Amino acid sequence: MSRRLHDAFDITAFRPLAHAWVDQVCDYLQRAQTDPALPVLDQQPPRRLLDDLPRITREPTQQALEIAQKVMDASTHVHHPRYVGHQVATTAPLTALTEMLNAVLNNGMAVYEMGQLQTAMELRVVEWMTSALGLGAEASGMLTSGGSLGNLTALAAARTRAQAGTGTGERLAILVSDQAHYCLSRAGRLLGFEPDAVIAVTSDDRFQLRSAAVERSVAATRARGLRPMALVANACTTATGTFDPIDELADCCEAHELWLHVDGAHGASYCVSPTARDHLRGIERADSIVWDAHKMMLMPALITGVLFRRAEDLAAAFQQDASYLFVSDDDERGFDLGQRTVECTKRAMGVTAYVTLSTLGVDTIVDHLEHGLTLARHLARRVEEAEDFELATPPFANIVCFRHRHPGLDNESLDRHQADLRARLVASGRFFLVQTALRGRLYLRCTFVNPHTTCDDIDTLLESLREVAAGR
Ligand SMILES: Cc1ncc(COP(=O)(O)O)c(C=O)c1O
């Protein structure tokens, strides 16, 4: 072994580095959670960061601890109480340790013998998810790398089923809400659907998809000579956090023999929430469901459950021969998880999910979900009380869209005003929030994912927006 290769695996050198690294991460976490002087994001022009970053060379040029510090300094601090932006989890610190374990063990999960306990843990997590959703004894599923891949996987299974029941040559179509995440139309395209065969059904004033609109769309699609095969319901939408009425849509799917897929990437976690579970009424009737653990359950990206009411649908979509890999006999076949996923090798995400859920307990997740809901309701109330702000729509979840009023501005100037407010507030480092267009108008958008955010922070957010608007 060469000297440098030997050094790369030298545990006597690695141990103090690892201890120092953990200390550095803990110092960072402590500061991000508690230091109000820390900007939520130290915004830098992308070109500058790239130009300043040394190129990769054949010889080592940098120290690991220095690089770690630079990464932390330049990151958006999702542990900062005033991070109220995109839908990523404020990760439980514990999950950093499971990620370390996964990196060291590097058991690839495609086959049982390359991840024995990892496979068992994934199966336990999936079992918990399907049971929390009420999917019944025939349900199955697996974990995959993100909601986008999960939605693709579910629609692939839906198509396999639709094709099994018909002759060839029939043009199939998928119906989605006009509020669906962009990954659904992308999934349709990747599966070979023409752009006009992924049909956006118009949602109502509250951004909900109603069965009357779906019925009209089914009829119009058939009139064009296409067969609608699946409907995607949102639980909840990305932009406003709106839940579609799943029970109502399930009736509609039954009547028209549509596969019901629920994109619960963001909101499926609410199935364990005592106050929001009702938004998911009927989800147990879905044929497939996507559930991102890395959005609402304190876990790092990416950990997504793709869940099926009938195990056979998943098996039918992914069954494959590969003698170099899948050698198990029938008894063990169900444990070769690579037979059910787009991925072959996969990060052992079940370990992170299992350790988080079983050592923190599901009730900790429930507390976290309820906290986010409390913050969202508080912001909605404050906005409604204020004369100088308006709400886009009452929140269902931990997502709130609103905008600052400015008398005398026309709609376009008002849109530019929101974008400008956000850009200036983010640049100041005081808060990190995002924006979204709704029916052609621009809104500020908050997602509450941080257990350290308080109602006082929300009041300060509105005050800060007022100050920025007043040029202070
Ligand atoms: C409703 C919904 N579906 C799918 C996705 C995509 O999930 P991922 O980012 O895990 O690929 C998102 C992400 O925000 C989402 O909100």
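Further up the page is the structure itself.
Asks: Is there a simple way to explain unusual backbone geometry in this structure?
Replies: When glycine is set aside, most residues are seen to have a negative phi, and most peptide bonds are trans. Each neighbour pair has its own omega, and for Ala 235 with Cys 236 the value is 10°, a cis peptide bond. Mapped onto the elements of the fold, Cys 236 is located in the loop between β4 (227–234) and α10 (246–256). Residues Ala 301 and Leu 302 are joined by a peptide bond in cis, for which omega reads -5°. The topology assignment puts Leu 302 in the loop between α11 (293–296) and β7 (304–308). Phi at Phe 207 takes a positive value of approximately 70°, unusual for a residue other than glycine. Along the chain, the position of Phe 207 falls in the loop between β3 (198–201) and α9 (211–223). With phi around 65°, Leu 298 is a residue other than glycine that occupies positive phi space. Structurally, Leu 298 can be placed in the loop between α11 and β7. A relative accessible area of 7% means that Leu 298 is categorised as buried.

Asks: Mind showing me how you'd approach the site of the ligand here?
Replies: For the ligand, the set of nearby residues contains 14 residues, the closest of which are Gly 147, Ser 148, Thr 238, Asp 263 and His 294. Within the contact set of the ligand, an oxygen atom lies 2.7 Å away from a side-chain nitrogen or oxygen of Ser 148. Here an oxygen atom of the ligand and a side-chain polar atom of Asp 292 are 2.9 Å apart. Contact with the protein chains removes 85% of the 390 Å² of surface that the ligand exposes when unbound. Contributions of two or more residues to the shell around the ligand are made by α7 (147–164) and α11. Residue contributions to the shell around the ligand peak at three residues, all from α7.

Cut-offs applied
Residues numbered from 1 in each chain as written. Predicted model: local features only at pLDDT ≥ 70, side-chain atom pairs only at ≥ 80, totals over all residues. Heavy atoms only, no water. Helix = DSSP H or I, 4+ residues; strand = E, 2+ residues; numbered from the N terminus. Buried < 20%, exposed > 50% of the residue type's maximum accessible area, 1.4 Å probe, protein only. Near = heavy atom within 4 Å. Polar contact = N/O pair within 3.5 Å; in protein donor to acceptor, adjacent residues only side chain to side chain. Areas by Shrake-Rupley, 256 points an atom, 1.4 Å probe, with all protein chains shown as cover.

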